[in-house]
Every structure is written in structure tokens, then in C-alpha cells.
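Secondary and tertiary structure notes
Read off the chains here:
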There are 4 protein chains.
Amino acid sequence: MIKAGIYGATGYTGYELVTILQRHPQVEVLFATSQSFAGQLLSDVYPQAPHLPLILGEEAPLDAVDVVFLCLPHAAAAETAVTALAANVTVIDLSADFRLKDASTYTAWYDKTHPAPHLLADAVYGLTEYARDQLPDAKLVATPGCYPTSILLPLRPLLTSDLPITGPIIADSKSGTSGAGRAPKPGTHFMAVHNNFAPYKIGRSHRHLPEIEQVMHWFRADAPELIFSPHLLPVERGILSTIYVNFSKPVTLEEIRPYFTKLYANEPFICLLPEGELATLAHVTHSNKCAIGLTMAGNTLVITSAIDNLVKGAAGQAVQNMNVVFGLEEIIGLL
Amino acid sequence: MIKAGIYGATGYTGYELVTILQRHPQVEVLFATSQSFAGQLLSDVYPQAPHLPLILGEEAPLDAVDVVFLCLPHAAAAETAVTALAANVTVIDLSADFRLKDASTYTAWYDKTHPAPHLLADAVYGLTEYARDQLPDAKLVATPGCYPTSILLPLRPLLTSDLPITGPIIADSKSGTSGAGRAPKPGTHFMAVHNNFAPYKIGRSHRHLPEIEQVMHWFRADAPELIFSPHLLPVERGILSTIYVNFSKPVTLEEIRPYFTKLYANEPFICLLPEGELATLAHVTHSNKCAIGLTMAGNTLVITSAIDNLVKGAAGQAVQNMNVVFGLEEIIGLL
Amino acid sequence: MIKAGIYGATGYTGYELVTILQRHPQVEVLFATSQSFAGQLLSDVYPQAPHLPLILGEEAPLDAVDVVFLCLPHAAAAETAVTALAANVTVIDLSADFRLKDASTYTAWYDKTHPAPHLLADAVYGLTEYARDQLPDAKLVATPGCYPTSILLPLRPLLTSDLPITGPIIADSKSGTSGAGRAPKPGTHFMAVHNNFAPYKIGRSHRHLPEIEQVMHWFRADAPELIFSPHLLPVERGILSTIYVNFSKPVTLEEIRPYFTKLYANEPFICLLPEGELATLAHVTHSNKCAIGLTMAGNTLVITSAIDNLVKGAAGQAVQNMNVVFGLEEIIGLL
Amino acid sequence: MIKAGIYGATGYTGYELVTILQRHPQVEVLFATSQSFAGQLLSDVYPQAPHLPLILGEEAPLDAVDVVFLCLPHAAAAETAVTALAANVTVIDLSADFRLKDASTYTAWYDKTHPAPHLLADAVYGLTEYARDQLPDAKLVATPGCYPTSILLPLRPLLTSDLPITGPIIADSKSGTSGAGRAPKPGTHFMAVHNNFAPYKIGRSHRHLPEIEQVMHWFRADAPELIFSPHLLPVERGILSTIYVNFSKPVTLEEIRPYFTKLYANEPFICLLPEGELATLAHVTHSNKCAIGLTMAGNTLVITSAIDNLVKGAAGQAVQNMNVVFGLEEIIGLL
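Given the structure is predicted, the values throughout are model-derived calculations rather than measurements.

1. Focus: the environment of Phe190 of chain D
Assignment of secondary structure puts Phe190 of chain D in helix H7 (residues 190–193). On the basis of relative accessible area, Phe190 of chain D is assigned to the buried category, the value being 0%. For the pair Phe190 of chain D and Thr113 of chain D, spaced 77 residues apart in sequence, the C-alpha separation works out to 35 Å. With residues near it in sequence (within four places) discarded, Phe190 of chain D still touches Thr177, Thr188, His189, Phe190, Val193, His194, Pro234, Val235 and Glu236 of chain B.

2. Comments concerning empty space enclosed by the protein
Throughout the structure, instances matching the rule amount to one cavity of 30 Å³ or more. Along its surface, the largest cavity is lined by Cys271, His283, Lys289 and Ala291 of chain A together with Pro47 and Gln48 of chain D. Tallied by class, residues from the lining of the largest cavity come to three nonpolar, two polar and one charged.

3. Quick notes on the sheet that holds strand S13 (residues 290–297) of chain A
Whether parallel or antiparallel, the strands of a sheet pair through hydrogen bonds between backbone atoms. Residue and element names in this part refer to chain A. Pairing within the open sheet is mixed, and its seven strands lie in the order S9-S10-S8-S11-S14-S13-S12. Only two strands of the sheet have a single partner each, and these edge strands are strand S9 (198–199) and strand S12 (270–272). Of the pairings in the sheet, the one linking S12 to S13 comprises three bridges and is parallel in character. Each bridged residue has a counterpart across the sheet, and for Leu272 the counterpart in S13 is Ile292.

4. A short note on the interface of chain D and chain A
Each partner contributes to the interface: chain D provides 13 residues, whereas chain A provides 13 residues. Summed over both sides, the interface of chain D with chain A buries roughly 1000 Å², with 38% coming from carbon and sulfur. Inspection of the region where chain D meets chain A yields six residue pairs in polar contact (both at pLDDT 80 or more). Across the side of chain D that touches chain A, the residue classes tally to four nonpolar, seven polar and two charged.

5. A closer look at the confidence of the model for chain A
When pLDDT is averaged along chain A, the result is 97; 100% of the residues meet or exceed 70. Reported confidence for the predicted complex is 0.97 by ipTM and 0.97 by pTM.

6. Thoughts on the interface of chain A and chain B
Taken together, the 37 residues of chain A in the interface contact 37 residues of chain B. Summed over both partners, the interface of chain A with chain B comes to about 2700 Å²; 70% of that surface belongs to carbon and sulfur atoms. Sorting the residues of chain A by area buried against chain B places Phe197, Ile202 and Tyr244 of chain A first, and these three jointly supply 19% of that buried surface. The partner of Lys174 of chain A in a salt bridge is Asp172 of chain B, with the nearest N and O atoms 3.0 Å apart. Our enumeration of links across chain A and chain B arrives at 16 residue pairs in polar contact (both at pLDDT 80 or more). Considered class by class, the residues forming the side of chain A that touches chain B number 19 nonpolar, 13 polar and five charged.

7. Section: the relation of the copies chain D and chain A
Think of it as a corkscrew move, a rotation about one axis and a shift along it, taking one chain copy to the other. Once chain D is rotated about the relating axis by 180 degrees and shifted along it by 0.0 Å, it coincides with chain A to within an RMSD of 0.0 Å. As the rotation angle and translation indicate, the two copies are arranged about a two-fold axis. It is Asn195 of chain D whose C-alpha, among those of chain D, lies nearest the rotation axis, at 4.5 Å. Of all interface residues in chain D, 100% are interface residues in chain A too; the two copies therefore contact each other through one and the same surface.

8. Details of the side chain of Thr304 of chain B
Mapped onto the elements, Thr304 of chain B comes out in strand S14 (residues 300–307). With relative accessibility at 0%, the residue Thr304 of chain B sits in the buried group.

9. What about the domain arrangement of chain A?
Accessible area lost when the parts come together is the quantity often used to give the size of an interface. Residue and element names in this part refer to chain A. Assigned domains within chain A: domain 1 (2–122) and domain 2 (147–308). For domain 1 and domain 2, the distance between their C-alpha centres works out to 27 Å. Opposite the 15 residues of domain 1 that make contact, domain 2 presents 14 residues. Taken together, the connections running from domain 1 to domain 2 amount to two salt bridges. Notably, a salt bridge pairs Arg99 with Glu211, separated by 3.5 Å at the nearest N-O pair. Contributing elements (two or more residues each) for the side of domain 1 that touches domain 2: helix H1 (12–23) and helix H4 (103–110). The dominant element in the side of domain 1 that touches domain 2, judged by the number of residues it contributes, is H4, at three residues.

10. Structural notes on the side chain of Ser229 of chain D
By secondary structure assignment, the location of Ser229 of chain D is in strand S10 (residues 226–232). Look at Ser229 of chain D and you get buried, because its relative accessible area is 0%. Leaving out residues up to four positions away in the same chain, Ser229 of chain D has contacts with Thr242, Tyr244 and Val302 of chain C together with Ala171, Asp172, Ser173, Ile202 and Gly203 of chain D.

11. Observations regarding the relation of the copies chain A and chain B
Of the transformation placing chain A onto chain B, the axial shift is 0.0 Å and the rotation is 180 degrees, giving an RMSD of 0.0 Å. Same-surface contact between copies: 100% of interface residues of chain A are shared with the interface of chain B.

12. Brief notes about the packing of helix H6 (residues 146–159) of chain D against helix H8 (residues 208–219) of chain D
Residue and element names in this part refer to chain D. Relative to each other, H6 and H8 sit at 20 degrees, their axes nearing to 10 Å. With respect to each other, H6 and H8 are oriented roughly parallel. Crossing of H6 against H8: the hand is right-handed. Of H8, the residues touching H6 (which contributes Cys146, Tyr147, Pro148, Ile151, Leu152, Leu155, Arg156 and Leu159) are His208, Glu211, Ile212, Val215, Met216 and Phe219. Considering only residue class, the contact of H6 with H8 consists of eleven nonpolar, one polar and two charged.

13. Digging into the sheet that holds strand S4 (residues 67–70) of chain C
All names here are of chain C. Taking strand neighbours across the sheet as the criterion, the seven strands line up as S3-S2-S1-S4-S5-S7-S6 in an open arrangement whose pairing is parallel. Of all the strands in the sheet, the pair left with one neighbour each is strand S3 (54–55) and strand S6 (124–125). The pairing of S6 with strand S7 (residues 140–142) spans two bridges and is classified as parallel. Opposite Tyr125, over in S7, you have Ala142 as the bridge partner.

14. Section: the packing of aromatic side chains
Applying the stated criterion to the full structure yields 36 aromatic pairs over all chains. Measuring from ring centre to ring centre gives 5.5 Å for Tyr7 of chain A and Phe31 of chain A, while their planes differ by 85 degrees; the resulting arrangement is edge-to-face. You can see Tyr7 of chain A sitting in strand S1 (residues 2–7) and its partner Phe31 of chain A sitting in strand S2 (residues 27–33), a full 24 residues away along the chain. Judged by centre distance (5.1 Å) and plane angle (70 degrees), the ring pair of Tyr147 of chain C and Phe228 of chain C falls under edge-to-face. Taken as a pair, Tyr147 of chain C in helix H6 (residues 146–159) and Phe228 of chain C in strand S10 (residues 226–232) lie far apart in primary sequence, 81 residues in all. The pair formed by Tyr147 of chain C and Phe228 of chain C is uniform in burial state, with each residue classed as buried. Here a set of aromatic residues connected by ring pairs shows up, and it is made of Tyr125, Tyr130, Trp218 and Phe219 of chain A.

15. Points about the pairing of strand S2 (residues 27–33) of chain C
All names here are of chain C. By the bridge criterion, five bridges tie strand S1 (residues 2–7) to S2 in an arrangement that is parallel. Among the inter-strand pairings, Ile6 is bridged to a residue of S2, identified as Ala32. Regarding topology, helix H1 (residues 12–23) serves as the crossover connection from S1 to the parallel S2, and that connection is right-handed. Two strands pair when backbone bridges link them, and S2 and S3 are joined in this way by two bridges, in the parallel orientation. Looking at S3, one finds that Thr33 is bridged to Ile55.

Reading the values: the criteria
Position numbers for residues start from 1 in each chain and track the written sequence from start to end. Following the order in which they are written, the chains are lettered starting with A and the ligands numbered starting with 1. Since the coordinates come from a predicted model, pLDDT governs what is reported: local features require at least 70, and pairs of side-chain atoms require 80 or more to be given and counted, while whole-chain, interface and lining totals use all residues. The side-chain numbers reported here are obtained from all heavy atoms of the structure, hydrogens and water having been left aside. Secondary structure is summarised from DSSP: a helix means a run of H or I of at least four residues, a strand means a run of E of at least two, and numbering begins at the N terminus for each. The cut-offs for exposure are 20% and 50% of the maximum accessible area for each residue type, with area from a 1.4 Å probe on protein chains only; residues under the lower value are buried, those over the upper are exposed, and the others partly exposed. Contacts were defined at the residue level, with two residues in contact if any of their heavy atoms lie within 4.5 Å. Cavity: a set of points on a 1 Å grid over the protein atoms alone where a 1.4 Å probe fits but cannot get out. Pocket: an open set with protein on both sides within 12 Å along at least five of seven lines, its lining residues, like those of a cavity, having an atom within 4 Å of a point. Grid points are joined across faces, edges and corners, and a volume is the space filled by probe spheres set on the points. All amino acids are sorted into three groups, where Ala, Val, Leu, Ile, Met, Phe, Trp, Tyr, Cys and Pro are nonpolar, Asp, Glu, Lys and Arg are charged, and the leftover types, Gly among them, are polar. Pairs of strands are assigned from DSSP output, requiring at least two bridges between the strands. Defined in terms of a 1.4 Å probe, buried area is the accessible area two parts forfeit on being brought together, summed over both. Polar contact is defined as a pair of N or O atoms within 3.5 Å, subject to the rule that within protein one atom must be able to donate a hydrogen and the other to accept it, and that residues adjacent in sequence are counted only when both atoms are side-chain atoms. pLDDT gives the predictor's per-residue confidence on a scale running from 0 to 100. Salt bridges are defined by distance alone: a side-chain nitrogen of Lys or Arg within 4 Å of a carboxyl oxygen of Asp or Glu. Least squares is the method used to superpose the copies, on C-alpha atoms of residues holding a pLDDT of at least 70 in both. Where each domain starts and ends follows an automatic or database-derived domain assignment. Here, axes are lines fitted to C-alpha atoms. For helices the fit covers the stretch in contact, and angles between N-to-C directions go from 0 to 180 degrees. Note that the term roughly parallel is reserved for angles under 35 degrees, roughly antiparallel for angles over 145, roughly perpendicular for angles of 65 to 115, and oblique for everything else. Working rule for handedness: look at the near helix, and if it is turned counterclockwise from the far one by less than a right angle, call the crossing left-handed; if clockwise, right-handed. Pairing of aromatic rings covers Phe, Tyr and the six-membered ring of Trp, with a centre-to-centre limit of 6.5 Å; geometry is then stacked below 30 degrees between planes, edge-to-face above 60, and tilted otherwise. For a crossover, the right-handed case is the one in which the path from the first strand over the helix to the second runs clockwise, viewed with the strands pointing away from the viewer.

Have a look at this one:
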């Protein structure tokens, strides 16, 4: 039985993690922290949650657990990671702190000096299907961002192929509002969202852009530039990314599809849709799946890629990574 | 006082038209037809509608009106147009029947032989801001499709410029479900739409594609190919198109914006957003406006363009066209 | 042309009022105030609003207007009313400050000492259909609350009848979230509302209870007690109240209906539904109407009553009252 | 391992049942039927469903299973029940066919002659918390309706008490649209539901009324009449019933609450809320729980009662009953 602690259990990601771990037959949650609700129960915050006591992060019994999940704001996560690693506890981080390998890029996009740049090199970027070999016994895993997961999973077979991609690649992404967090803001007020649909931080201005481009370059050294347009959907959960990849000469779906099947045909959480079927949120919400549809239009491949931002885009992939780190069956607790 | 008749008043477009014309100070609606609800009142179909009697199309008193609006299925619209024109009544068609200039293209996309191909040449394609000079005293006006309106209005300044556009142009469009019509279908069932978001007919397969490309070629003879991806949004009304236009060499917003201001700065229904502001549905629902935002990302211009599909995308633009045809103030009844 | 000022134009009620007055052919809005957004334009707060400059309340040119509308928090409204009345300006208040006739009841429910108790006796409670005779030339009008409007309009024919009502009367009301105001709160966060439905302050604990019971006693001195249960609906606007009135002996719809038709058959904004039809939000949203349906069940009359909380429940009724105060046609600007 | 078959797997209830049974560690689903989709897979109908083959009901291998669940239209369910019982298979019926004990009442409300009236007496009405003693080894279980479950669970402690209840009892219920079934209809079209809220069949006209009153009389022979008002909510799942019970003399919550705690304090699926807390859909969606809140208002008890209509109101309670019938732990597969 793996003993786990959760830092930041009252955000949407933290609560989703509690929900998943509750059903996980080989994990026991020993503590959950919250700076705002310490002293209360998780069920005081979410009526359906278990009666889990919430404690302050600084009072968490690190010596009692094997692994901690960090659902904390950036910078705070890195500081907690240092403490946990010093106590020899495995860290699965769900913040942005260990996703970027370059500390100066981090500073440029996150407006903070990185609290622990010496840890960046060894942190495993946990896009599980890609990082599976680096995960066993890893001490520090960075769970990818939600948008990056939805975009990188379908780009991987293309960028690691020899197909004649010509840039830029365009990712037009649409996310449910849980991605905007639990703190009430004018932009996530019911009245502002319910009959609306709105783009934000489009082009090359969203923080997930450097993360996605970093990994695109791991896939293919000369990967093209990304244009990334996030939009806010009036639903609770789910991300659909419609991705446009141009080729410099004619390519057919028959030539493209084998690159996907080779990498993903046997992946338990990747659902390659048959020709003609497009990915939708209904394929994936409340699951750890990524659904991928492929459509050819002229010399452009149009990919539809869907995940649940709280599951495969956060808590689910974090647990998937934990399973691999600890040598458990990868799908356990996630079906 | 202009006397008007409405064919097909019980669809969403027809009902929106009734609502707009009710408030129009210079139009009187003399009849409204419905094949399914003839003998009933419009208020039997929509609880808030006026108590307008519904009659069969074949019983409509054409000799009593100056203009008819056709909110009919394709092919049926063309047949009614022939009858109305023979009675010397001006026709504002809201179907797809007179949008395409080429009858064989029509047949290829709409699975019907065109009922009145001899009328295609003289029909005015009523993208009002573009067609204003052709509209006065026109006898037959084709109201553009909803997606085409949202895409063509912002493309016009670019394609009529000398900017070095290199294709394809990508339009990633998202529409509220009123666009799918009033007939209950599995895909527009509340349960299928409410927590979902779904692409459909993406790439080069939607019927609005040939219409958009036809007009793109009017704007620029060598316009690039369009990739067009419609999606269904869980809202009632509104279309947001996110459009990607690549340039073959660096271009700045400062160079691009004047093409837009020159054409649109004084347009009453086009709202050019200031730099940094993106178009959203909240800018336009229940209005005849088109909001346009411009963002540069590398060598790619990202346009956000929003309209209300039932107003500027259908009934509102139809009335705007009628105003110009009959020499009224263009904005009357539309503010 | 009536010259009007609006205090508190940036709340939902204030914005709705601006929208209505913009279309009103006999009103000109001379100023709009906002304590939070003074110096900006209303269009900076609502993208579709007119470019109306927002000024501080204390800088409003009271001497230039005939009437002011107060969309202010309670207590602040009463203070502004005193100032406006001193300047001989008619006051249409949309807050709760002048609805209760008894200052101590006000204090008990609103946790404030009433700033102007001497004005309470002369303030007209503007449930227009009921107060029509008291409104002409009134200097101070209290616009009823949204829930009270939806409940009192259908109760009036019953309570002013001689039907053998036996208490308590139950009003089970459901409101869209615009009723909860524009300030982001955990309870009106999109995520908290969208897939939820929640009662709040049920029984005898909501502030609208004493207001409703006060007017019930005007209708019938020995009116029974009210049980009032508000609920929050995942829609933007609209209130549906399902009201249960018991009779001490058998009564038929045929006996009840004449009391409604006598009072309401010719009311422009009251829509008495035919037998068998139930009121829904779709009957009334974006209109100043109140739809009323009557159903008999044993000895209990079940009333369904629907209004738009922002229109007949606030800004629309305020304008309807202004029309009567100034001797205009009552429906002007409201159709 | 219990071997199960599901008749009617493609309706919302059938699909929910498949989802629950998939996770149930002691049940194996051997077949699933569908008259409309036989020959296809369940995943062809619901993208997230397992690849379960769908067969015609008449081809179901009854000899291979221990239990069948009937998610069929009424009358069809009774006919299948006869066949299954003849094959010595336990029947858990989710239709209305075996809920009413009186065949003539069934005919009056369901417009059909009952196909198997001889089975009515022995069918167990499976409101599990009430029927627990009758369930072990039962051959035929009628799963209660969704509204009845939400109303009867909180009424049971009251009606089996000696509290001085005086009628009528009022249940004002609001249900998500999954309760209206999977077939597209005008009333469940996205456009008709999304910004709407509508009562239907209120008073004493909904089919669940005789079912609820039948059981109320089991609880208390002289139970008062019920007034029952269902409403359609713009959410997918969940029922909230606000129930009003009058007393003929003053009663306090302190006197009432012990009747609830005595029956329900140890029930795994009943969540008695602390004083001051009201039941909401957020307490129960996607769970088998019933949340109950109690509020006193004068001499009236206002109960808020929430369930998920597809779980505790259908598939979940069916599985809960199966667990008891077969001697399994009651909560297994349901947490």
C-alpha cells in the first residue's frame, strides 16, 4: 500500500486527485493540506468529498508517506518539493514548476525566480506515454499542463516521423472553466461564461506555449513554431484542441496513420478514432483518455484531440505517472 | 410603409426576422407562412411571439406585398422566388439557393438540380458592407450564410489589400446550436450538447466552404485555399471564428490595421476592436454587429471575429439589405 | 423629452435600465454613475453597452434631470433619494429602501437604521398594476423586489376576492443567477452553478418575505402566512414561482378565473394563460411580461407565475412606473 | 460472480447501469439488448461506453444468467419479466410495470392492460431502505421511480411517526433532462431547455403520483393527499424535491429530527444534513446518495431532498437491490 499526501487538496485538481485516489486500491491518502481551509474537512468545501481533515502544509507528516502530490501555486510547489525530497519522499508535481528545463524561460513566463533550479535537469516531464522509460523510481515528476497534454500527444507521432511538416503549426484549443481555477473572478462568474465563448491569450502569449514548444523540440529538433489559441468554453471540464499541420508536399492519411498506430495502437488511454470520426468532449470527460481524430484537407492535416483537463490533463496523468514510478500496473485506479 | 411577407416563419431564422420586423418602424408584416403550422398562430409555436396567423405558402397574397423574405429549405426557396419575382415582388432570400453563382457547384454541394439557374447571375450576394452599391433596387438578394459572414467580413480588407498572404487560410469556427435548426435531432438533444463541444464537417466538407471560397476569389483572384472547421457550442446563439492568415514575409499590425480602418472605420455594424482586445460572443449576441479583433503571432495574423448567427448571420443582415434595396436608412430597425 | 439620470449603472439592473431607456423614445439619459468605474465608459464594463461616461454619484448634475433611477445598495439609495428629492427630482428607487412601510421591520431585515424613515409613508410601492392610481406625479416610487413581483401579481386577484383561502400560502420560487448580482462570489462561480440547482434562505428567512407579506395584508387584512422558498437556477435571467393556495372548501377553476380576468384581462403586461398551459421562463425572458397559469389540484390552486427578474422584476417595471408618473403611455419603450 | 443481462441498454438508465456494473467486482454482464441498435456495439451509441455487443431481446441467452435488469418501456418490461421468471432468472425491473399493486390503477395511468397482473402481489417495491427485509431471495423487484424515491425517502420517517400531519403534502420537484429519455423531442431540444425552466404535469396529473400515494399509505394508512409539481431543469442529471408538510399544532425540529435519525442515521446512502444546510444537486450527482435537509417555517416543515435520478433514482438503486437480493454487501459497487 502506497502512502500518499496531497498538498493543496481544495483546488479543482486537488479534489479530483482525492476522488481518484479514493478508488485506487493500492494507495492510502494519509494527509491533505490547505492553507485556506486548514482545520476544516474537505467535505466542508465540496459537499460530496470524503470527510478528510485539512491541515496546514507546514504540519504535514512527511515521514509517514511515500509520495506527495503537489497541487500548489507555482513557486510554492517548488519550495515544498525541496522539503519533500529532503525527506526522501517522491514528488509528483502538478504545478508548472518543473516542466520547463530552463530556469530563465521559467522566470520570463512565470514572473518569479525559480526556487530550485538545481532540480530541473532531473525532473521527469511526465507525459506518460512519452516518458514511460524515465519514470520508474523517479524522485521528481512534473505533470504536464492540460493544454500541452492535449496538443503534444497527437503531435508526437508526426514530429517523430519523417513527414514533410512545414510551419507554423496551429493549435486552436477550447477548455472548460475548471481550468481557470476555483477562485471566483469576473471572467468565471456564471453570468460571464454561460452564454458566452471567448478566446484569451491567443497567438504566442499563453504560459503553456514555451512548455509545448520545448517538448516539440524534443520530438523534432527543427520543429516549427506553434501558434496557440486558447478559448474558454461554457462547460465544466474538457479540452478540445483542433490542430492544423501543413505539409510541404501532398501526403495522404494512409501515409500518416501508421505513425499513430505504431506509437498508440496499444496505449490504454489513447483512443485513435476511426477515419471520419472526430474527437469530442463526450469521448473523454471524467476519463483519463485522450481521443484523437485525423482529417486531411488539402495538404493540411486537421487533428481533433480531446482530454478531460482535470484527469488526463492533471490528476489522472499524475496518478498514471505514480503507478509507473512505483512499478504498479499503469492503468490501476484509472478505469 | 413597406409591406412584407415572410415564408417559413416558424424556423429560428423566420422567428428572428418577425421579431426584428415587428420593431421596424417602416415595415408592416402582411403574412407569414408555415407548411407545418398553417392555421395556427406564431405564438402557438413560440410563446413570446406575436399572434401572427400562419398560412400555407401557396395561399400567400403576393400581390399585397412589396418584399418577401424566404426562410425556406433550399430548392423550395428558389421555387418560391420564381413565383414572387413573376409577381414583381422583391425577394430577400435567406436560404442557400442564390449564394453560389455556378449551378453545378450548387448541385455538387446541395444534392439538387438548381430550380432556377437563370436567376443566379443577377442575384446580389448581400454581404451588405461589400455589396452596398449593387443593392439599391435589386429584385433578388441572397443573404450570405452565417459562417461565411463571420469569415468574409474580416478577410475582405486582407484579400483586397496587397499584403503577401500565403495559404492556406484556416477558419476555426464555433457556432451556437440555433444554427442547427428547430427540428429535434440526436445531435441537438439537450443531453448531447450541454456538457459537450464537438467539431463537425471539418476541413473541406461543409456546404459553406464553396460559398466562402467563391467570395474570397471576388476579393482576390488568386486567394489561397480555405480550411474550414465548424464546431458546435453549447450556447443558443453566436458564432466565433478564429482565423489564421499567414504572410510570406514579416508584416506588422501597424501595416495591417489601416486596411481594416479604411473599409470599416465608419461601418455602423462593424466593431473593430482596439489592439489587445479579442472578439467574444458577448460583444455581439442579440445585435447585428460583427466584432473583429486582430492579433499578430510570428508571421501569422490571428483574427477573432464574432457575430450573432441569427442576426448579422441571417435575419438582421436580410433586413439591412432590405433597407438598402428600398432606400431606407441602413441601420433602421437594427439598433 | 424626459431627462433621466441613473445611479449605479454598472450592476445588472442598472445596465438593463440603460438598455431599456436607450430605446425609449421619450427619455434621454443625461448621466450614469458608478463608484467603482467612474472615469470609464459603460462599454468598458459591458462590451455591448453604449459609450456612456460613468461619473461619481456625488458629481451627478441633479439640476439637469427630471427623474433619477437608483440602482444602488440599500441605505445608499435612501441617502441619494433625500438629495434628489431636495433638488425636486422625481426618484424611482430600485433598491429595497422604500418598499417596507415600517422602519423597524427594515432594520430587522436589512441590518441598518433607515436613513430616511420620514419618506416611507409617502413612497408609492410601485407594483404598477396595483398602484396605477397612486403613481401620477408621485415624487418617490419604490420598485418592488423581483420575487415579490412574481408572487404578488398572481396573489392579488385571490386575496382581494372572497374565496375561502386557508393558510399558509407556499411560494416555491426559482431564479436565474443575475438576481445574485455582478460581484463574483463562490456561489455564483460558473463551476458552482452550471450543473447545480440549489435552494437558499427557504422558509421564512429571505428579505423579500416581509415585503411580500406586507402587501398581502394590503390585499386582504387577514391574509395567511407565507412560506417562501427561493432556489438558484443555472440560467441567467427569469423567475418562476410555483405557488400553492389552499381553500377550506371545494372551489373550481371556473369560480377562480373570473377574479383574474376582471383585474388582468386588459393588462398589457400580464399574460393569463389558457387553461392547461403552464407559465415557463420562455414566456417572459427579455420582456416586461408576467405569465400566469392556473391549475387546480384537489382543494389546492397551483399557480405558475413567470417574469424576467431584470425586466418586470426590476428595470422594466421601474420604467413602467416612470411612464405612469409622467403621464406617458404606460407601455412606451417596453414592447 | 453473478451473471447479469441487461434489457434495453441504450437508454440513459441502461447505459448508467452498464457503467455501474462494469465497476462492480462481483457482477459480470453477459448480454445487453437493444431493439434499435442490435448488431452494433454500445460504444457506437455512447462514445465512452465499453465495446459491448447489442443483441435483440428475443435472442438473449436467459439460461446463462442469474439476474436480468429491465430498462424497457412499460408493458414490454412485464412481458420480458414473465419470460425471465419462467427461466428461473431473478428480475430487477426498472420500468413502471411492477410498482403499482393494483392492475386497474396501472391501466388508468399507463393506458395499457397490465400484461402480468398475477405477478403484482409478489413483486417487491424496492425502495431499498424500506424494503430491505423483503428483498433477500426475491424473484421480482420493482425499482421505484425517480421522483418517488426523492419524495418517499424523506416522507417515510414523518409518515411512520405519530406527528400531527395535516394535508395536503406538497412536493415541488425539479429534474434534470435525462429523466425525459434519449429520444429527441421538441421539449428536450437544446434550444428549448438551455435558458428555460418549465413546470409540466403539475398538481395531480403525473404518472408518479399514484405510485407515491400508494407507498405513503403503506407508511400511514390515513396519509394526506399529495400535490406533486414536476419541473424540467436545464441540467443533465439530478432531482431536487422541495417538500412541504404542515402540522396541525406547533412542532419543533428537535421533535422531528429523531424520527429521521432513528431510521437513517446508519444508512450508507442517506445523508441527513446538519441543521441549516439545504440539499442541492451538488450533494448527490453521480452518486447513489439521497441528501435530506430539514427546515421549520411556522407550522410547516420544508424538506429539501436531492438524488441523482439516474443513480439512486434508477440504476444505482437497482444495483443496491440486487446486492441485497443476492446477499452481497449492500454498498458494493456503489461507492
